[in-house]
Amino acid sequence: MMFIDNMLENEPKARKSRIIKLNNTLKKLFPDAKIALKYKTNWELLVAVILSAQSTDKQVNKVTEKLFKKYKKFDDYLKVDIKEFEQDIHSTGFYHTKAKNILSTAKIIKQKHNGEVPNTMPELTELKGVARKTANIILGNAFGKVEGIAVDTHVRRFALKFDLTESRDPKKIEQDLMAILPKKEWANFSYRVIEYGRQVCTARKHECKDHQLTKIYPKSGDTWPKAK
């Protein structure tokens, strides 16, 4: 019984040591990792991040290239018919919900924030279609504020694969990662993990025992977390 208690007591220390080693290697592999979405204003960033749910950054950038030319000003989103807007964003998937969230959020920002994207976690998460992941991305890229770690599908899979959490819930995963990763590393950690998931260890099952991060934690070579 004492052996089991010692194992449980040492697990947080082991995870902290492991994530630091993983992150140090990620920094060497992807020193310039950053957000891949293209935008010019804080509002365009918010629109792009909402559109990126269940879609790829590549597809979102393709859509927003036309979208941001058609709707040049924030106020343009207050006038557009929702059916027309749905067609504009159709190829990003879940376009009914995304259109409703974006246009509703535009109205909230106009009414409550004088047309400016808010810069606090509570205010951002009151917007339609904005949970902590989106809010973390907005805060970090638009305002240089770091309040948490954005947990998307790549980060979720990474955390489970390398035994950095026991939860599948994004909120709990974020809390677990924040508890073991130094705050100065939070801002870019997600982007490094995303690049790792795209370029090195993809979601599709494959042989990854020779990957650099797998060598740090060999057990991960046989771990394939489910997508959901």
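Residues numbered from 1 in each chain as written. Predicted model: local features only at pLDDT ≥ 70, side-chain atom pairs only at ≥ 80, totals over all residues. Heavy atoms only, no water.

What follows concerns the overall build of the chain. Per the secondary structure count, the chain includes twelve helices and zero strands. Order of helices (α) and strands (β) in the chain, N terminus to C terminus: α-α-α-α-α-α-α-α-α-α-α-α. The globule rule puts the C-alpha radius of gyration for 228 residues at 17 Å, and the 19 Å found for the chain is close to it. Considering the chain as a whole, with its 228 residues, one finds that 46% of them fall into the buried category. Accessible surface for the chain amounts to roughly 13,000 Å². Of this, 52% is attributable to carbon and sulfur atoms. (Helix = DSSP H or I, 4+ residues; strand = E, 2+ residues; numbered from the N terminus. Rg over C-alpha atoms; globule rule 2.2 N^0.38 Å. Buried < 20%, exposed > 50% of the residue type's maximum accessible area, 1.4 Å probe, protein only. Areas by Shrake-Rupley, 256 points an atom, 1.4 Å probe, with all protein chains shown as cover.)

Attention now goes to the pattern of salt bridges. Scanning the model with the defined rule gives twelve salt bridges in all. Between K27 and E185 there is a salt bridge whose closest N-O contact spans 3.1 Å. With K27 in helix 1 (residues 2-29) and E185 in the loop between helix 10 (170-180) and helix 11 (186-199), the pair connects residues that are 158 residues apart, well separated along the chain. By relative accessible area, K27 is classed as partly exposed at 28%. In this structure E185 comes out as buried when scored by relative accessible area, which is 12%. Among the ionic pairs, E84 bridges to K70, the shortest N-O distance being 2.8 Å. With E84 in helix 5 (residues 82-89) and K70 in helix 3 (residues 57-70), the pair connects residues that are 14 residues apart, well separated along the chain. Taking the relative accessible area as the measure of exposure, E84 reaches 37% and is therefore partly exposed. Here the residues in one salt-bridge network are K27, E185 and R192, joined through shared partners. (Salt bridge = Lys/Arg side-chain N within 4 Å of Asp/Glu carboxyl O.)

This part takes up the nonpolar core. One finds W43, Y77, F85 and F158 to be the most contacted residues of the largest nonpolar core, which totals 62 residues. Looking at this core, the element that brings in the most residues is helix 2 (residues 42-51), giving eight residues. (Core = buried A, V, L, I, M, F, W, Y, C linked by side-chain atoms within 4.5 Å.)

Okay, the packing of aromatic side chains next. Across all of its chains, the model carries eight aromatic pairs by this definition. Relative to F85, the ring of Y77 has its centre 5.9 Å away and its plane inclined at 70 degrees; by these criteria the two rings are edge-to-face. By the burial criterion, Y77 is buried, and F85 matches it. Taken together, the ring pairs in this structure connect W43, Y71, F74, Y77 and F85 into an aromatic cluster. The ring of Y217 has R18 lying over it, and the distance from NZ or CZ to the ring centre is 4.1 Å. (Phe/Tyr/Trp six-rings, centres within 6.5 Å; stacked < 30°, edge-to-face > 60°. Lys NZ or Arg CZ within 6 Å of the ring centre and 35° of its normal.)

Here we come to unusual backbone geometry. Although it is not a glycine, Q54 sits at a positive phi angle of roughly 60 degrees. As for its position among the elements, Q54 is in the loop between helix 2 and helix 3. At D163, a position not held by glycine, the phi torsion is positive, near 50 degrees. Inspection of the secondary structure assignment puts D163 in the loop between helix 9 (153-161) and helix 10.

Let's shift gears to the confidence of the model for the chain. For the chain, per-residue confidence averages 93 on the pLDDT scale, and residues scoring 70 or more make up 95% of the total. Low pLDDT, under 50, characterises residues 1-9; the predicted model gives this stretch zero contacts beyond four residues in sequence or across chains. (pLDDT = per-residue confidence, 0-100. Contact = heavy atoms within 4.5 Å.)

Turning next to the side chain of S220. Mapped onto the elements, S220 comes out in the segment after helix 12 (212-216). The exposure class assigned to S220 is buried, which follows from its relative accessible area of 0%. Not counting residues within four places of it along the chain, the set of residues in contact with S220 comprises K161, F162, C208 and T214.

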